[in-house]
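Remarks on the overall topology
Given next are the chains, with one letter for each unit.
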Amino acid sequence: MYAQTLTDQEFSSYQRFIFEAAGIMLSAAKKALVVCRLAKRLHLYQLSSFTEYFKLLTSGSNPAEVQVAVDLLTTNETYFFREERHFDFLRERALAARGRASTFRVWSAASSSGEEAYSIAMILADCLGENAAWEVFGSDISTQVLQSAKRGQYALARSRHIPDDYLERFCRIGTDEYKGTFLIDRKLRNRVSFLQLNLNESLPNIGQFDVVFLRNVLIYFNRETKRSVVERVTSKVKPDGYFFVGHSESLCEARGTMQLLAPSVYRKAC
């Protein structure tokens, strides 16, 4: 018999765990999510309580399991062309960059299972051409979702927000054993690279970007963490480049050199 309840004291321990690992603040409303996502791990290890699982995570004996727990507790909902006004704005910027010599680079900084990064790639392939100088970089703290992103295969139901012409041009609908799924075309997949990154730590040398998406992530950070993450991520935005956050988010005092152009859209001062 395995525990399906999580005491307030145990939940507090997991709040501290994920904050230290990823800078994410789990509100009291996320208690059920912790139970739902971690219960199978207790079953796997035949543990009788969430306290025993927490001891496993903090013992230092199983770093792979720590990554699994981080993956489970940081994975958020995403879908293709979410908050479509940002993609309309990206289309304008991409069209304006036609014919320039330098590579047009876009970073999906919390790419989850890849829907955002591939949505960006579809826009760039459409506006700049599939063989033009552009690239998309996706990152996430979760290794599990990045594996899905690299694979580029999704349930067909998740294609509902993809424009019909894009679905025909950039996706392959599965048949036979793959029926009910679709695959991002290999040529487009090859233009998108993914890397595990923790935005709450120093970033590697990933270069500078014309546009950075960091959407629906900042709401999980406290004020201090939000400020440091924004400073770290926007340091990778080119002068006069653009930075998108979720429609329910704003930078406020964390704005730094970013100038507000429209709700959730910022431009970096030259």
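Now for a look at the structure at hand. (Residues numbered from 1 in each chain as written. Predicted model: local features only at pLDDT ≥ 70, side-chain atom pairs only at ≥ 80, totals over all residues. Heavy atoms only, no water.)

Description of the pattern of salt bridges
- Evaluated as defined, the whole model comprises 13 salt bridges.
- For Glu 83, the salt bridge goes to Arg 215, with nearest N and O atoms at 3.6 Å. In this pair, Glu 83 is assigned in the loop between helix 4 (63–74) and helix 5 (84–96) and Arg 215 in the loop between strand 7 (209–213) and helix 10 (223–234), connecting sequence segments 132 residues apart. Each member of the pair, Glu 83 together with Arg 215, is buried. (Salt bridge = Lys/Arg side-chain N within 4 Å of Asp/Glu carboxyl O. Helix = DSSP H or I, 4+ residues; strand = E, 2+ residues; numbered from the N terminus. Buried < 20%, exposed > 50% of the residue type's maximum accessible area, 1.4 Å probe, protein only.)

A look at the packing of aromatic side chains
- In total, this model carries 17 aromatic pairs according to the counting rule given.
- Judged by centre distance (5.8 Å) and plane angle (50°), the ring pair of Phe 80 and Phe 182 falls under tilted. Note that Phe 80 is positioned in the loop between helix 4 and helix 5 and Phe 182 in strand 5 (residues 181–184), a separation of 102 residues in sequence. One exposure class covers both Phe 80 and Phe 182, and it is buried.
- Three or more aromatic residues link up through ring pairs in this structure, and these residues are Phe 81, Phe 87, Phe 89, Tyr 166, Phe 170, Phe 213, Tyr 242 and Phe 244.
- Above the face of the Phe 89 ring, Arg 93 is positioned so that its terminal group lies 4.9 Å from the ring centre. (Phe/Tyr/Trp six-rings, centres within 6.5 Å; stacked < 30°, edge-to-face > 60°. Lys NZ or Arg CZ within 6 Å of the ring centre and 35° of its normal.)

Things to note about the pairing of strand 1 (residues 104–108)
- Of all five residues making up strand 1, five are buried, and the element is well covered by its neighbours.
- Burial along strand 1 is two-sided: Phe 104, Val 106 and Ser 108 facing one way and Arg 105 and Trp 107 facing the other are all buried.
- When strand 1 meets strand 2 (residues 134–140), the two strands line up parallel, connected through five bridges. Looking across to strand 2, one finds that Val 106 is bridged to Val 136.
- Handedness of the strand 1-helix 6 (residues 115–128)-strand 2 crossover: right-handed.
- Examined bridge by bridge, strand 1 and strand 7 share three bridges and lie parallel to one another. By the bridge assignment, Val 106 is partnered in strand 7 with Val 211. (Pairing = 2+ DSSP bridges. Right-handed = clockwise from strand over helix to strand, strands pointing away.)

Remarks on helix 1 (residues 8–22)
- Between its terminal C-alpha atoms helix 1 stretches 21 Å, which fits the 21 Å expected from 15 residues at 1.5 Å a residue.
- Turning to helix 1, its buried residues are Glu 10, Phe 11, Ser 13, Tyr 14, Phe 17, Ile 18 and Ala 22. All buried residues of helix 1 fall inside an arc of 155° around its axis, so they share one side. In helix 1, the exposed positions that point more than 90 degrees away from the buried face belong to Asp 8, Gln 9 and Glu 20.
- Gly 23 occupies a position one or two residues after helix 1 and carries a positive phi of about 75°. (Expected span 1.5 Å × (residues − 1). Arc of directions from axis to C-beta.)

Describing the environment of Ala 32
- Mapped onto the elements, Ala 32 comes out in helix 2 (residues 31–45).
- Judged by its relative accessible area of 59%, Ala 32 falls in the exposed class.
- Considered as a pair, Ala 32 and Glu 65 are 33 residues apart in the sequence and their alpha carbons are 20 Å apart.

Here's the deal with helix 2
- Over its 15 residues, helix 2 extends 21 Å from the first C-alpha to the last, a length consistent with the 21 Å expected when each residue adds 1.5 Å.
- Within helix 2 the residues assigned to the buried category are Val 34, Val 35, Leu 38, Ala 39, Arg 41 and Leu 42.
- Buried positions along helix 2 lie against helix 1, helix 3 (50–58) and helix 4. (Contact = heavy atoms within 4.5 Å.)

Considerations on the nonpolar core
- The biggest cluster of nonpolar side chains holds 46 residues, and the ones touching the most others in it are Tyr 14, Tyr 53, Trp 107, Leu 214 and Phe 243.
- Of all the secondary structure elements, the ones that give two or more residues to this core are helix 1, helix 2, helix 3, helix 4, strand 7, helix 10 and strand 8 (237–244).
- Setting aside chain neighbours within four positions, we find Tyr 14 in contact with Leu 6, Leu 26, Val 34, Leu 38, Phe 50, Tyr 53, Phe 54 and Leu 57.
- Phe 80, Ala 97, Leu 124 and Val 136 belong to the second-largest nonpolar core, a separate cluster that totals 39 residues. (Core = buried A, V, L, I, M, F, W, Y, C linked by side-chain atoms within 4.5 Å.)

Take it as geometry only, folks, not as evidence of what the structure does.
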